[in-house]
Structures are given as C-alpha cells and as structure tokens.
Amino acid sequence: HNGIHLENWLPYQNSQEKTYLLGIGRLERGKGFHILIDMYAELIRRGVTSSLVIAGTGQEEEALRAQCQSLGLETISGWREDTDIPEK
C-alpha cells in the first residue's frame with residue numbers, strides 16, 4: 001500500500017550491503033540538490049568514502065552534473081541492475 005512492489009526487490013535481497021547517501025526527487029533548483037552535492041564534496045575532502053546516489057530527473061540535471069564535474073566528482077548515469085554503486 002506504500003507504492004513499493006516488494007516482488008520487484010526480491011532479486012536484491014541477497015545483495016551485499018553498501019553504505020551510501022541517497023537523494024531522491026525531481027531535480028529542480030528549489031529541491032536543494034546543489035547543496036547536497038556541495039556537502040558531499042566536503043565530506044569527500046574530509047575522507048568519507050561513501051557514494052552519493054541521486055535518483056531523479058528534472059530541469060537541473062545538466063547543471064548538477066556540471067557542478068559535480070567542477071568539484072572533481074565522478075558521475076554515472078543510467079544505472080542498470082548489473083551495475084555496482086562505486087565506492088565513492
């Protein structure tokens with residue numbers, strides 16, 4: 001009843017656990033993803049090795065990707081089921 005079809009998650013139930021930060025939503029300026037990216041870059045500078053996963057689409061997608069590039073952060077798009085989340 002919460003919008004998640006549990007049968008879709010069954011293939012992942014035995015996946016190795018990873019620690020990562022998750023931001024999900026429409027990629028619009030007012031949502032604050034640009035602040036999240038700045039914060040994540042600072043965490044990386046301080047030695048954190050978790051990944052940041054941003055799930056969503058929107059008008060700010062290219063601007064956010066450019067922001068990541070300017071901060072020296074690797075970006076990956078088009079996640080597939082056989083793709084692992086990088087360490088950072």
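About the cut-offs
- Residues numbered from 1 in each chain as written.
- Predicted model: local features only at pLDDT ≥ 70, side-chain atom pairs only at ≥ 80, totals over all residues.
- Heavy atoms only, no water.
- Helix = DSSP H or I, 4+ residues; strand = E, 2+ residues; numbered from the N terminus.
- Buried < 20%, exposed > 50% of the residue type's maximum accessible area, 1.4 Å probe, protein only.
- Contact = heavy atoms within 4.5 Å.
- Arc of directions from axis to C-beta.
- Salt bridge = Lys/Arg side-chain N within 4 Å of Asp/Glu carboxyl O.
- Pairing = 2+ DSSP bridges.
- Right-handed = clockwise from strand over helix to strand, strands pointing away.
- Expected span 1.5 Å × (residues − 1).

**Some words on the overall build of the protein chain**
Argument step 1. What the protein chain contains, in helices and strands, is two helices and two strands.
Argument step 2. The helix and strand sequence of the protein chain, counted from the amino end, reads β-α-β-α.
Argument step 3. Taking the principal axes of its C-alpha atoms as reference, the protein chain extends roughly 40 × 30 × 20 Å.
Argument step 4. Buried positions account for 17% of the 88 residues belonging to the protein chain.
Argument step 5. Counting contacts in the protein chain only where the partners sit at least 6 residues apart, residues at least 24 apart contribute 72% of the total.

**A closer look at helix α2 (residues 61–70)**
Argument step 1. Listing the buried residues of α2 in full gives Leu64, Gln67 and Cys68. Each buried residue of α2 lies within a common arc of 100 degrees when the element is viewed along its axis, so the set occupies one face. Residues Glu62, Gln69 and Ser70 are exposed on α2 and point more than 90 degrees away from its buried face.
Argument step 2. Packing partners of the buried residues in α2 comprise α1 (33–45).
Argument step 3. Following α2 by one or two positions, Gly72 has its phi on the positive side, about 75 degrees.

**Quick look at the pattern of salt bridges**
Argument step 1. Inspection of the entire model under this criterion finds three salt bridges.
Argument step 2. Between Glu42 and Arg46 there is a salt bridge, with its nearest N and O atoms 2.8 Å apart.
Argument step 3. Look at Arg46 and you get exposed, because its relative accessible area is 66%.
Argument step 4. Arg65 serves as the salt-bridge partner of Glu61, at 3.4 Å between the closest nitrogen and oxygen. With Glu61 and Arg65 both in helix α2, this residue pair falls four residues apart, about one helical turn.
Argument step 5. Each of Glu42, Arg45 and Arg46 takes part in one network of salt bridges that share partners.

**Quick look at the pairing of strand β2 (residues 51–55)**
Argument step 1. With five bridges connecting them, strand β1 (residues 20–24) and β2 associate as parallel partners. Its bridge partner lying in β2, Ile24 is registered against Ala55.
Argument step 2. In terms of handedness, the path from β1 via α1 over to β2 forms a crossover that is right-handed.

**With respect to α1**
Argument step 1. Taking 1.5 Å per residue as the helical rise, α1 with its 13 residues ought to reach 18 Å, and the 18 Å between its terminal C-alpha atoms agrees with that figure.
Argument step 2. Among the residues of α1, Phe33, His34, Ile37, Tyr40 and Ala41 are the ones counted as buried. Buried positions in α1, seen along its axis, are confined to an arc of 120 degrees and lie on one side of it.
Argument step 3. Each element contacted by the buried residues of α1 is listed here: β1, β2 and α2.

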